[in-house]
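Observations on the model geometry
Below, each chain spelled out in residue letters.
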Amino acid sequence: MTLHDSHPSVVQRNDPPALIRALRGDRPATTPVWFMRQAGRSLPEYRELRVGTDMLDACLNPELASEITLQPVRRHGVDAGIFFSDIVIPVRLSGVDVRIVAGRGPVLDDPVRTAADVAALPPLDPAALAPIREAVALTVAQLGATPLIGFAGAPYTLASYLVEGGPSKEQLKTRALMHSDPETWTALLTWCAGITGAFLAAQIEAGASAGQLFDSWAGSLSLADYTAHVAPFSTLALDAVRELDVPLIHFGVGTGELLAAMRDVGVDAVGVDWRLPLDEAVRRVGPDVTVQGNIDPALLRAPWPVLEAHLVDVLRRGQAARAHVLNLGHGVPPDTDPTVLTRIVEFVHAHA
């Protein structure tokens, strides 16, 4: 499995963009910056475009998904696009009945909680990924030198939606299954890793220059549980794209105690949420990995002098790493003033 000659990673191999350099560990003169959930509800153009269209339908409409991915790149001048999709898209493409409920998130009427439930999960037909490949190709054709980051949910987070039947802060049923029925747990996480790997591979093969694995709910896990019962399946998911040789990022919310284990699944960069200072994160993950983060999303609504001082502090602490990609410590809140994000990008690009 190799990238085609016109793939951005091949074309830019001798002169990679700042983001790719930083992820590889070569610190550029200016810190690259992008924002998780930069494509979304904070943008008026996004809200206008989404009128009358279901979230998952928007993700599976190549023209719409591409346009939504491009909107924040045009508006903010960020150093990367992040492919617009949803964590449960590969679940939906596999034929599992999942929908997005406004104000709640992904919901399944028939949760997956037994060995028979897991055995009934359908395989992901590679042909079902055609809209994803098309959307990525459309996007890359318009991004120019700006790289696109592929997006995928980690197996544990996918499994938690399947077992809980929707979002859950503590994943009690999920963690109970992990310990009470190890065989079923292994089968479920193996299935999730398979569809995650295929979903991310489709994006990278079609033109994405990097990939990020999001483990939204891993913060509920102990280090022992993460290491024994979750990390091997994140490794398995990423194994599907290693031969493509693009840099990989791993991010989770509330995962300060897991950072070293998240590094060990085999990634080039680890995302850090707002709870842990970046220099402490670097101490935990060591010198051979790039860090990404970690602006406190709450400060996006603070007066500019407060936010500016925070940015300077984050950038200073990021100097402890081999390289640093500035980002939020979580996603852009929906009520964020988009001009604040643009101002952050301008400030960082001027802050050599």
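Residues numbered from 1 in each chain as written. Predicted model: local features only at pLDDT ≥ 70, side-chain atom pairs only at ≥ 80, totals over all residues. Heavy atoms only, no water.

**Examining the sheet that holds strand 8 (residues 290-295)**
Within the open sheet, the seven strands sit side by side as 1-4-5-6-7-8-9. Their pairing is parallel. Sheet topology places strand 1 (81-82) and strand 9 (324-328) at the edges, where each strand pairs with a single neighbour. Direction of pairing for strand 4 (residues 148-153) relative to strand 5 (residues 210-215): parallel, over a ladder of five bridges. Paired with Gly153 across the strands is Phe214, a residue of strand 5. Sheet strands in contact with helix 11 (residues 182-206) are strand 4 and strand 5, and its direction is about 170° off that of strand 4. Against the sheet, helix 14 (residues 278-285) engages strand 8 and strand 9, with an angle of about 150° to strand 8. (Pairing = 2+ DSSP bridges. Helix = DSSP H or I, 4+ residues; strand = E, 2+ residues; numbered from the N terminus. Contact = heavy atoms within 4.5 Å. Axes fitted to C-alpha atoms, helices over the stretch in contact; angles between N-to-C directions.)

**Focus: the packing of helix 9 (residues 155-164) against helix 10 (residues 172-180)**
One can describe the packing of helix 9 onto helix 10 by two numbers: an axis separation of 8 Å at closest approach and a directional angle of 105°. Relative to helix 10, helix 9 is oriented roughly perpendicular. Contacts between helix 9 and helix 10 involve Tyr156, Ala159, Ser160, Val163 and Glu164 from the former and Leu172, Lys173, Thr174, Arg175, Leu177 and Met178 from the latter. The class makeup of the residues in the contact of helix 9 with helix 10 is six nonpolar, two polar and three charged. (Parallel < 35°, antiparallel > 145°, perpendicular 65-115°, else oblique. Nonpolar A, V, L, I, M, F, W, Y, C, P; charged D, E, K, R; others polar.)

**Brief notes about the pairing of strand 6 (residues 248-252)**
Within strand 6, five of the five residues are buried, leaving the element largely enclosed by the surrounding structure. In strand 6, alternate side chains face the same way, and those of Leu248, His250 and Gly252 on one face and Ile249 and Phe251 on the other are all buried. Of the strand pairs in this sheet, strand 5 and strand 6 are connected by five bridges, and their pairing is parallel. In the strand pairing of strand 6, Gly211 is matched with Leu248. Regarding topology, helix 12 (residues 223-239) serves as the crossover connection from strand 5 to the parallel strand 6, and that connection is right-handed. Pairing of strand 6 with strand 7 (residues 269-271) involves two bridges; the strand directions are parallel. Looking at the pairing, Ile249 lines up with Ala269 of strand 7. (Buried < 20%, exposed > 50% of the residue type's maximum accessible area, 1.4 Å probe, protein only. Right-handed = clockwise from strand over helix to strand, strands pointing away.)

**Digging into the UniProt feature "site: Transition state stabilizer" (unreviewed entry) in the chain**
Within this numbering scheme, the UniProt entry marks Asp86 as carrying the feature "site: Transition state stabilizer" (unreviewed entry). One can find Asp86 in the loop between strand 1 and helix 6 (89-93). Residue Asp86 is classed as buried on the basis of its relative accessible area, which comes to 13%. Apart from the residues within four sequence positions on either side, Asp86 is in contact with Met55, Leu56, Cys59, Ile100, Pro106 and Phe151. (UniProt positions renumbered as here; feature names shortened; annotations may be inferred.)

**Some details on the pattern of salt bridges**
Counted according to the given criterion, the structure contains 17 salt bridges. With a closest N to O distance of 2.7 Å, Arg283 and Glu280 form a salt bridge. With a gap of three residues between them, Arg283 and Glu280 both fall in helix 14, about one helical turn apart. Several salt bridges converge on common partners, so that one network encompasses Glu257, Glu280, Arg283 and Arg284. (Salt bridge = Lys/Arg side-chain N within 4 Å of Asp/Glu carboxyl O.)

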